[in-house]
Amino acid sequence: MEQGKTIAAVSTPLASGGIGVIRVSGEKAIEAVSKIFVPSSGKSVCDMKGYTAAHGYVTEGERKIDEAVLLVFRAPHSYTGEDVAEISCHGGVYVVGRVLRAILAAGAEPAAPGEFTKRAFLNGKLDLTEAEAVMSLISAQGEQGANAAMTALEGALSKKIRAAAQTLITDSAYLAAWVDYPDDEIEEISDEKLLTDYNCVLNELQALLNSYDAGRAVTQGVDTVIAGKPNVGKSTLMNLLSGFDRSIVTDIAGTTRDVVEDTVRLGNVVLHLADTAGIHSTGNEVEKIGVDFAVGRVERAMLVLAVFDLSRPFDSEDEKIIQLCKDKLCVAVANKDDMAADFDRSRLDCFENVVYISAKQGKGADELAAAVEKALGTNNVDTSAALLANERQRLCCERAVACIKEAIDALRAGYTLDAVTVSTDAAVDELLALTGEKAGDAVVSEIFSRFCVGK
Ligand code: GDP
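Residues numbered from 1 in each chain as written. Predicted model: local features only at pLDDT ≥ 70, side-chain atom pairs only at ≥ 80, totals over all residues. Heavy atoms only, no water.

**Thoughts on the sheet that holds strand β3 (residues 37-39)**
For step 1, the next point in the chain: Across the sheet, 7 strands lie side by side as β3-β4-β5-β6-β2-β1-β7; this open sheet has mixed pairing. The sheet is open, and its two borders are formed by β3 and β7 (109-110), each paired with just one other strand.
For step 2, the next point in the chain: Note that strand β1 (residues 7-10) and strand β2 (residues 17-25) share 4 bridges and pair antiparallel. Considered in β2, the bridge of V10 is made with I22.
For step 3, the next point in the chain: Strands β1, β2, β4 (52-60), β5 (63-73), β6 (84-91) and β7 of the sheet are contacted by helix α2 (residues 93-105), whose axis makes an angle of about 150° with β6.
For step 4, the next point in the chain: On the sheet, helix α3 (residues 115-122) packs against β1, β2 and β7 and is oriented at approximately 135° with respect to β1. (Pairing = 2+ DSSP bridges. Helix = DSSP H or I, 4+ residues; strand = E, 2+ residues; numbered from the N terminus. Contact = heavy atoms within 4.5 Å. Axes fitted to C-alpha atoms, helices over the stretch in contact; angles between N-to-C directions.)

As structure tokens, then:
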């Protein structure tokens, strides 16, 4: 990216709204805006100080195209660290587009996706985890996700990772000084001290990795499939969780052939729910396609709600569901508790989590929420603490852990300290890649390309 360029984009959604914001950033941002914005005070835009606002008109030649408010931020005290101007005009799709065209004609260039935040990163206003938190905050679907993103934006993860890297860097520097300047009476650092430090860092990183899945479940939601033989009440359960009638509920087995999907909040967790066709043996070719599809969904899901019907005896079709869920994260939902008959409940002992509900009467949703949270381990997720937010961060952390383990093994095996520092230096590189201090250009570009234009 050419940082010298002055960039502009619409930062608000391209839809009718009260206000639309056009953001401009770069060395020539104020100069470009001065060509199209006339303050009603009669003063010059170029004389505006940072953190000041002016009422005025956006113009195209002699013609006024909108009444607007201009905000000016002066480098380095802006989001990007550069001179930034924000024009808040009327939020009509046409008007906003016209103001953008005017600013482009005045010398700015269209911003790429995430380019404002990328500049903030390159100018040291944010590190990579904080930039990723901006994106998480924008895409958060609920309170927990937004809280976790805010915690990351405030630097909780960065602080933790930097502290871990600093411990390793300090030890390595000490070792290097001791090896390089043997005459300078630098006291030898003991293996115990190194082992204590490395184990301490290892535990911190391991704790982050351990909370990753549960954290993601809370912040991003969990792909969940409702599975069971026909007529056990899958659609009724889906409707109970969705809060309104989405699936077709009938007494005729096999009505739900297509997958019905919805995103629902259950306790602390967001579930991306799919209600599938009843899984059973069938000679009907069309039904068979639905059943195969349902089985595939179960295999790919992160969580399965396996539904059983208490009003009918346990049978071989139920057994098939148990087999299908064998290695899956699963909650057994024993439904129709209001008309429970001779179902052998001990058949469900193989499940770690079983809840008895009546989907039709709306009973048991709280118990189901608690069981889901228990299965996912989300009841202990603290969104005010540092959490790894995505696969990139998790992989960096995982590789750092592997390197530290190597260093510990090398120390224990009595290898030379050079061998130990090679591993700890590699761990430091991974940690600094996580925060972005040592991330490659390709990685950085990839991350920001996923942002929206105008952010
Ligand atoms: P699916 O084929 O598994 O999706 O089952 P449905 O949700 O279509 O339900 C099949 C039948 O069971 C319908 O008549 C529902 O009204 C009934 N049903 C579902 N849940 C309950 C329940 O908790 N109690 C009772 N008594 N009937 C239920």
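Anyway, onward from the coordinates.
**Thoughts on the pairing of β2**
For step 1, the next point in the chain: As consecutive antiparallel partners, β1 and β2 are separated by 6 residues.
For step 2, the next point in the chain: Where β2 and β6 come together, 8 bridges link them in antiparallel fashion. Bridging from a neighbouring strand, I19 pairs with H90 of β6.

**Things to note about the packing of aromatic side chains**
For step 1, the next point in the chain: Counted by the stated rule, this structure contains 5 aromatic pairs.
For step 2, the next point in the chain: Ring plane angle 35° and centroid distance 5.9 Å describe the contact between F121 and F448, whose orientation is recorded as tilted. Here F448 lies in helix α15 (residues 441-449) and F121 lies in helix α3, a separation of 327 residues in the sequence. For the pair formed by F121 and F448, the shared burial category is buried.
For step 3, the next point in the chain: Considering the side-chain rings of F308 and F351, the 5.7 Å spacing of their centres and the 55° angle between planes classify their relative orientation as tilted. Of this pair, F308 sits in strand β11 (residues 303-309) while F351 is found in the loop between β12 (330-335) and β13 (354-356), placing the two residues 43 residues apart along the sequence. Both residues of the pair, F308 and F351, count as buried.
For step 4, the next point in the chain: Pairwise contacts between aromatic rings join F121, F448 and F451 into one cluster. (Phe/Tyr/Trp six-rings, centres within 6.5 Å; stacked < 30°, edge-to-face > 60°. Buried < 20%, exposed > 50% of the residue type's maximum accessible area, 1.4 Å probe, protein only.)

**Topic: the pairing of β4**
For step 1, the next point in the chain: Direction of pairing for β3 relative to β4: antiparallel, over a ladder of 3 bridges. Bridge assignment links V38 to a residue of β4, and that residue is Y57.
For step 2, the next point in the chain: Sheet topology note: the β4/β5 ladder contains 9 bridges and is antiparallel. Its bridge partner lying in β5, E60 is registered against R63.

**Some remarks on the domain arrangement of the protein chain**
For step 1, the next point in the chain: In terms of domains, the protein chain is made up of domain 1 (7-127), domain 2 (131-211 + 387-436) and domain 3 (223-380).
For step 2, the next point in the chain: Here the C-alpha centroids of domain 1 and domain 2 sit 40 Å apart.
For step 3, the next point in the chain: Roughly 470 Å² of surface becomes buried between domain 1 and domain 2 when both sides are summed, with 52% attributable to carbon and sulfur atoms.
For step 4, the next point in the chain: A per-residue breakdown of the area domain 1 buries against domain 2 is headed by F121, L126 and D127, which together make up 80% of the total.
For step 5, the next point in the chain: Our count for the contact surface shared by domain 1 and domain 2 stands at 1 salt bridge.
For step 6, the next point in the chain: Note that R162 and D127 form a salt bridge whose closest N and O atoms lie 3.1 Å from each other.
For step 7, the next point in the chain: Remark: the boundary between domain 1 and domain 2 carries 3 residue pairs in polar contact (both at pLDDT 80 or more).
For step 8, the next point in the chain: Looking at the side of domain 1 that touches domain 2 residue by residue, the class counts come to 3 nonpolar, 1 polar and 1 charged. (Domains from an automatic or database assignment. Buried area = accessible area lost by both parts, 1.4 Å probe. Salt bridge = Lys/Arg side-chain N within 4 Å of Asp/Glu carboxyl O. Polar contact = N/O pair within 3.5 Å; in protein donor to acceptor, adjacent residues only side chain to side chain. Nonpolar A, V, L, I, M, F, W, Y, C, P; charged D, E, K, R; others polar.)

**Overview of the environment of E317**
For step 1, the next point in the chain: Inspection of the secondary structure puts E317 in helix α11 (residues 316-324).
For step 2, the next point in the chain: You can call E317 buried: its relative accessible area is 17%.
For step 3, the next point in the chain: On a C-alpha basis, the gap between E317 and V355 in space is 20 Å, while along the polypeptide they are 38 residues apart.

**Quick word on the pattern of salt bridges**
For step 1, the next point in the chain: Evaluation of the coordinates by the stated rule reveals 24 salt bridges.
For step 2, the next point in the chain: K5 serves as the salt-bridge partner of E109, at 4.0 Å between the closest nitrogen and oxygen. With E109 in strand β7 and K5 in the segment before β1, the pair connects residues that are 104 residues apart, well separated along the chain.
For step 3, the next point in the chain: E109 gets classed as partly exposed once you look at its relative accessible area, which sits at 36%.
For step 4, the next point in the chain: Across the pair D429 and K438 runs a salt bridge whose closest N-O atoms are separated by 2.8 Å.
For step 5, the next point in the chain: Each of E82, E115 and R119 takes part in a single network of salt bridges with overlapping partners.

**Looking at the sheet that holds β12**
For step 1, the next point in the chain: In spatial order, the strands read β9-β10-β8-β11-β12-β13; together these 6 strands make up an open sheet with mixed pairing. Sheet topology places β9 (260-266) and β13 at the edges, where each strand pairs with a single neighbour. For this sheet the average axis-to-axis angle between neighbouring strands, irrespective of direction, equals 25°.
For step 2, the next point in the chain: In terms of strand pairing, β11 meets β12 through 6 bridges, oriented parallel. Looking across to β12, one finds that V304 is bridged to C330.

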